[in-house]
Amino acid sequence: MERTELSSAEWLNKAQAYCAWAEHCAADVRRKLYEWGAPSDLSDEIEESLYSDGFLNDARFCSAYVHDKVAYQGWGRVKIQAGLRALQLPEPAIREAMEEIDEKQYKANLLKLVKQRRGDSEDKRMRFLAQRGFTFDEIRNISI
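Below you will find a few notes about this structure. Source: prediction; values computed, not measured.

Scoring rules and cut-offs
- Residues numbered from 1 in each chain as written.
- Predicted model: local features only at pLDDT ≥ 70, side-chain atom pairs only at ≥ 80, totals over all residues.
- Heavy atoms only, no water.
- Helix = DSSP H or I, 4+ residues; strand = E, 2+ residues; numbered from the N terminus.
- Rg over C-alpha atoms; globule rule 2.2 N^0.38 Å.
- Buried < 20%, exposed > 50% of the residue type's maximum accessible area, 1.4 Å probe, protein only.
- Contact = heavy atoms within 4.5 Å.
- Areas by Shrake-Rupley, 256 points an atom, 1.4 Å probe, with all protein chains shown as cover.
- Lys, Arg positive; Asp, Glu negative; His and termini not counted.
- Charge placed at Lys NZ, Arg CZ, Asp CG, Glu CD.
- Core = buried A, V, L, I, M, F, W, Y, C linked by side-chain atoms within 4.5 Å.
- Patch = residues over 30% accessible without salt bridge, like charges linked within 9 Å, V, L, I, M, F, W, Y side chains within 5 Å.
- Salt bridge = Lys/Arg side-chain N within 4 Å of Asp/Glu carboxyl O.
- Axes fitted to C-alpha atoms, helices over the stretch in contact; angles between N-to-C directions.
- Parallel < 35°, antiparallel > 145°, perpendicular 65-115°, else oblique.
- Left-handed = near helix turned anticlockwise from the far one by under 90°.
- Phe/Tyr/Trp six-rings, centres within 6.5 Å; stacked < 30°, edge-to-face > 60°.
- Lys NZ or Arg CZ within 6 Å of the ring centre and 35° of its normal.

### Notes on the overall build of the protein chain
Broken down by element type, the protein chain carries nine helices and zero strands. Reading the protein chain from its N terminus to its C terminus gives the helix and strand order α-α-α-α-α-α-α-α-α. Relative to the globule expectation of 15 Å for 144 residues, the C-alpha radius of gyration of the protein chain, 19 Å, shows a markedly less compact shape. C-alpha extents for the protein chain along the principal axes are approximately 60 × 30 × 20 Å. Split into buried and exposed, the 144 residues of the protein chain put 38% on the buried side. Sequence separation of at least 24 residues holds for 62% of the intrachain contacts in the protein chain that already meet a minimum separation of 6. When the accessible surface of the protein chain is totalled, it reaches about 8,900 Å², and 49% of it is carbon and sulfur. Looking at charge distribution, the protein chain has the averaged site of its 22 positive side-chain charges lying 13 Å from that of its 25 negative ones.

Put into structure tokens, the structure is as follows:
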């Protein structure tokens, strides 16, 4: 059976299973539907259904994204915000999630990266930390 022969209900079930497995955003679902070969005219309908059934929630996604990027990747605020904006998530959800950052963990991440790069020149260390999403003020104000 070809993928395009699935009914709209089957496409919806497939998208629901994808969303139930892990937290995703609408952009992830649209990309996945495209990869699966779903008819493009169904994407909006499926997305609306996923939102109304609670499979998609922008605030919940933003919160999980921010937590994971701080806790596991050690990213800074700038890089996290850029990632969320690239996924075309609403600004209020992004701002709310950014306020949930655990400052203690965030500063510990920055300090760890500064210590790892202690042998680098000041310029090289600053560029590295900026690429990780930390602001100049955050980098300058960290005490080793």
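### Thoughts on the side chain of Q16
Summarising the element assignment, Q16 is placed in helix α1 (residues 8-21). Judged by relative accessible area, Q16 falls into the buried class, the value being 16%. Beyond its immediate chain neighbours, meaning those up to four positions away, Q16 contacts L50, D53 and F55.

### A short note on the nonpolar core
The biggest cluster of nonpolar side chains holds 25 residues, and the ones touching the most others in it are C62, V66, I80, L84, L89, L110 and L129. Put simply, the parts of the chain that give this core at least two residues each are α4 (58-73), α5 (77-86), α6 (91-98), α7 (103-116) and α8 (122-131). No other element matches α4, which puts five residues into this core. With residues up to four places along the chain from it excluded, the contact list for L89 reads C25, D58, F61, C62, L84 and I94. Ranked by size, the runner-up nonpolar core spans 14 residues in total, among them A26, A38, I46 and L50.

### Considerations on a negative patch on the surface
The grouping of D41, D44, E45 and E48 at the surface amounts to a negative patch. The topology assignment puts E45 in helix α3 (residues 43-52). With relative accessibility at 49%, the residue E45 sits in the partly exposed group.

### Considering the packing of α1 against α3
α3 packs onto α1 with a crossing angle of 50 degrees between their chain directions and a minimal axis gap of 10 Å. Our classification of the angle between α1 and α3 gives oblique. For the crossing formed where α1 meets α3, the hand is right-handed. Residues S8, W11, L12, A15, Q16 and C19 of α1 form the contact with α3, whose own contacting residues are E45, I46, S49 and L50.

### Details of the packing of aromatic side chains
Each aromatic ring pair is described using two quantities: the centre-to-centre distance and the angle formed by the ring planes. Under the defined criterion, the tally for this structure stands at three aromatic pairs. An angle of 85 degrees between the planes, with centres 5.8 Å apart, marks the rings of Y18 and W36 as edge-to-face. Note that Y18 is positioned in helix α1 and W36 in helix α2 (residues 26-36), a separation of 18 residues in sequence. Judged by its relative accessible area of 14%, W36 is buried. Seen in terms of ring centroids, Y106 and F134 are 5.3 Å apart; in terms of plane orientation they differ by 55 degrees. Their pairing is tilted. Here F134 lies in the loop between α8 and α9 (136-140) and Y106 lies in helix α7, a separation of 28 residues in the sequence. One residue, K69, lies across the ring of W75, its end atom 4.5 Å from the ring centre.

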